[in-house]
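Topology and contacts: notes
Chain by chain, the residues:
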Amino acid sequence: MIVFIESIKIFDENGLIKTISNNDLYYFSKDNKNEINLKKGKYRVIISVSKPCKLNFKRKFKDNRVKFIGYTNENNQGILKEKTLNLNIVEKAYVVFFWMAENIIYDLKRLKTGKNFDSTPEGIYKYGKTKCAGYAILFAHIAQNLGLDIESISGYAKGNQYNSGEIIEKPNHQWNAIKIDDNYFLIDSTWGSGQEDEDEHIKELDDFYFFCNPKYLIYTHLPENDKWQLINPPITKEEFFNQVQIQSCFYIYHFTDINYKKSHFNVNNLETIKLFYDLKNTEDIIEISVDIYSLNNNGYVKEDNCDYIIKNEKENNFEIKLIFNKMGIYKVCIYGKNQFMDSYDSIVEYYPTCVKNADCELYFPKMFANASDIQIIQPLYDNLKEGQEVKF
């Protein structure tokens, strides 16, 4: 089990007898035990841990980066072993993850030309560029040389160029799993190293993909071998390609669940999408935004004949109420941000099909910026009648 332990308090029948505080990472294993010797008797132990949703070692390693000298395998491995000698398993794995994000580039241009890659560790060291298979190969190579128990996983991934609902026939991605005691933890050093921007790879460390929760990763990564899903029960290939594609920012902004698990579904004129979140252990203030597009002969275009309103009446969810005034296929893009971000990040996309035309066009009341703290309860749509009560 991997957790950040903030404090351990031990009580006997007379009260508190010992407090252990540590803001660093504790790793309890058969070979690395943190033991507390107590006399025979009854005790009460309170262990306070930080929320285990995201491991973030950026600050710890930012000023002590592992720099490889030269291109030879012998030089690199010797320096890395020396630098990581006193680190535990998790920290060693993160040093490799961090170094690859800093020093290896995803070669989009070469990938699109169809040219072959030198995916050997020596070739990747030499050129500093590779594709996803090379990331997984190099990660496994370095980790094994540090004594870590590592596996490579082949499967299907829904990347930036993936079209929702598309069935990928052949495996198109590789990532890794590291074994600690009897448990495996998932690592994708490719997706953790940055993002695609047309023909360019933009370096941007994303440690969401270091020890990523399997129940989150399954929305974008499907292993060929069900064993590596690490969830029970495993999902089928058909279920994987039918389910909605959730971006890592969905979880980074503390969202936990959604009411629609499939990306394509039929709707009438009115529909509600719910996003559930948990802000108990954070000071973040979350905002969301929505864009609606309709499909025509030229592809998806911004739709002016639809409308939406965002409601946040309950403490743990956003409700996005949508109006579709005509039949057709739509794309609903949902974005999120917190108070520290200047722009919104994509968190989820849906592709609903409206199966009937509205009897008359409906729109939600227009809310102006200076009324952002006001929520309309009813009526949400339709024309006001004389003497009708409006609730805010």
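Structure: see above.
What you are looking at is a predicted structure, and each value in this text was computed from that prediction instead of being measured.

**So, the overall build of the chain**
When its secondary structure is counted, the chain shows nine helices and 22 strands. In the chain, which comprises 392 residues, the proportion classed as buried is 44%. If you sum the accessible surface of the chain, you get close to 22500 Å²; carbon and sulfur atoms cover 46% of it.

**Re the sheet that holds strand 21 (residues 328-337)**
Spatially, 15-22-21-17-18 is the arrangement adopted by the five strands of the open sheet, whose pairing is mixed. Among the strands making up the open sheet, the edge pair consists of strand 15 (264-267) and strand 18 (299-302). For this sheet the average axis-to-axis angle between neighbouring strands, irrespective of direction, equals 35°.

**Here's the deal with the side chain of Gln229**
Secondary-structure assignment places Gln229 in the loop between strand 13 (221-223) and helix 8 (237-242). A polar atom in the side chain of Gln229 sits 2.9 Å from the backbone nitrogen of Ile235. In this structure Gln229 touches Pro214, Ile218, Leu222, Pro223, Pro234 and Ile235, once residues within four positions along its chain are discounted.

**Digging into the pattern of salt bridges**
Tallying each qualifying case throughout the model produces four salt bridges. For Asp291, the salt bridge is made with Lys302, and the minimal N-O distance between the two is 3.6 Å. Separated by 11 residues along the polypeptide, Asp291 in strand 17 (residues 287-296) and Lys302 in strand 18 bring together distant segments of the chain. For Lys302, a relative accessible area of 49% translates into the label partly exposed. Overlapping salt bridges, with partners in common, bring together Lys274, Glu319 and Lys321 in one network.

**Digging into unusual backbone geometry**
When glycine is set aside, most residues are seen to have a negative phi, and most peptide bonds are trans. With an omega dihedral of 0°, the bond running from Asn232 to Pro233 counts as a cis peptide bond. Locating Pro233 in the fold gives a position in the loop between strand 13 and helix 8. In this structure, Phe211 is a non-glycine residue whose phi angle is positive, near 60°. Mapping Phe211 onto the fold places it in strand 12 (residues 210-212).

**Brief notes about the nonpolar core**
One finds Phe255, Leu275, Phe324, Ile334, Ile347 and Tyr350 to be the most contacted residues of the largest nonpolar core, which totals 50 residues. With residues near it in sequence (within four places) discarded, Ile347 still touches Gln245, Ile246, Gln247, Cys249, Phe250, Tyr253, Phe255, Leu275, Ile334, Tyr335 and Gly336. Counting 32 residues, the second largest nonpolar core, distinct from the first, contains Val90, Tyr106, Leu148 and Phe210.

**Focus: a nonpolar patch on the surface**
Together, Leu295, Tyr300 and Ile329 line one region of the surface with nonpolar side chains, adding up to about 230 Å² of accessible area. For Ile329, the position within the fold is in strand 21.

**Things to note about the packing of aromatic side chains**
By convention here, two paired aromatic rings are described through the distance between centres and the angle between planes. If you walk through the whole model with that rule in mind, you get 24 aromatic pairs. For the pair Trp191 and Tyr209, a centre-to-centre distance of 5.6 Å together with 80° between the ring planes defines the contact as edge-to-face. Here Tyr209 lies in the loop between strand 11 (200-203) and strand 12 and Trp191 lies in the loop between strand 9 (183-187) and strand 10 (194-197), a separation of 18 residues in the sequence. A relative accessible area of 6% means that Tyr209 is categorised as buried.

**With respect to the environment of Thr256**
As for its placement among the helices and strands, Thr256 is situated in strand 14 (residues 255-258). Residue classification places Thr256 among the partly exposed residues on the basis of a relative accessible area of 38%. Each C-alpha atom of the pair Thr256 and Asn316 lies 9.6 Å from the other, and the pair is 60 residues apart in sequence.

**Quick notes on helix 3 (residues 89-103)**
The end-to-end C-alpha distance of helix 3 is 21 Å, a good match for the 21 Å that 15 residues give at a rise of 1.5 Å each. Of all 15 residues in helix 3, 12 are buried, a share of seventy percent or more. Considered for burial, the residues of helix 3 that qualify are Val90, Glu91, Lys92, Ala93, Tyr94, Val95, Val96, Phe97, Phe98, Trp99, Met100 and Ala101. The N-cap of helix 3, judged by a side-chain oxygen 3.1 Å from the amide nitrogen of Val90 a few residues on, is Asn88.

**Some thoughts on the pairing of strand 16 (residues 270-277)**
Taken together, the three bridges between strand 14 and strand 16 define a ladder with antiparallel strand orientation. From the neighbouring strand, Phe255 faces strand 16, where its bridge partner is Tyr277. With seven bridges connecting them, strand 16 and strand 20 (residues 317-324) associate as antiparallel partners. Across the sheet, the residue bridging to Leu270 is Ile323, located in strand 20.

**Some thoughts on the side chain of Asn338**
As for its placement among the helices and strands, Asn338 is situated in the loop between strand 21 and strand 22 (345-354). At 3.0 Å, the side chain of Asn338 and the backbone nitrogen of Phe340 are in polar contact. Excluding residues that lie within four positions of it along the chain, Asn338 makes contacts with Tyr253, Asp284, Ile285 and Ile286.

**What about the packing of helix 3 against helix 6 (residues 132-145)?**
Closest axis-to-axis distance for the helix 3/helix 6 pair is 10 Å, and the angle between their directions is 140°. The chirality of how helix 3 crosses helix 6 is right-handed. Counted together, Ala93, Val96, Phe97, Trp99 and Met100 of helix 3 and Tyr135, Leu138, Phe139 and Ile142 of helix 6 form the full contact between these two elements. Among the residues forming the contact of helix 3 with helix 6, the class breakdown is nine nonpolar, no polar and no charged.

**Considering the environment of Ala93**
On the secondary structure map, Ala93 appears in helix 3. Spatially, the C-alpha atoms of Ala93 and Phe210 are 8.8 Å apart, while their sequence positions differ by 117 residues. Apart from residues no more than four positions distant in its own chain, Ala93 is found in contact with Phe139, Leu148, Ile178, Ile187 and Phe210.

Here is what the cut-offs are and how they apply
Residues numbered from 1 in each chain as written. Predicted model: local features only at pLDDT ≥ 70, side-chain atom pairs only at ≥ 80, totals over all residues. Heavy atoms only, no water. Helix = DSSP H or I, 4+ residues; strand = E, 2+ residues; numbered from the N terminus. Buried < 20%, exposed > 50% of the residue type's maximum accessible area, 1.4 Å probe, protein only. Areas by Shrake-Rupley, 256 points an atom, 1.4 Å probe, with all protein chains shown as cover. Pairing = 2+ DSSP bridges. Axes fitted to C-alpha atoms, helices over the stretch in contact; angles between N-to-C directions. Polar contact = N/O pair within 3.5 Å; in protein donor to acceptor, adjacent residues only side chain to side chain. Contact = heavy atoms within 4.5 Å. Salt bridge = Lys/Arg side-chain N within 4 Å of Asp/Glu carboxyl O. Core = buried A, V, L, I, M, F, W, Y, C linked by side-chain atoms within 4.5 Å. Patch = residues over 30% accessible without salt bridge, like charges linked within 9 Å, V, L, I, M, F, W, Y side chains within 5 Å. Phe/Tyr/Trp six-rings, centres within 6.5 Å; stacked < 30°, edge-to-face > 60°. Expected span 1.5 Å × (residues − 1). Left-handed = near helix turned anticlockwise from the far one by under 90°. Nonpolar A, V, L, I, M, F, W, Y, C, P; charged D, E, K, R; others polar.

Just distances and angles here, no functional claims.
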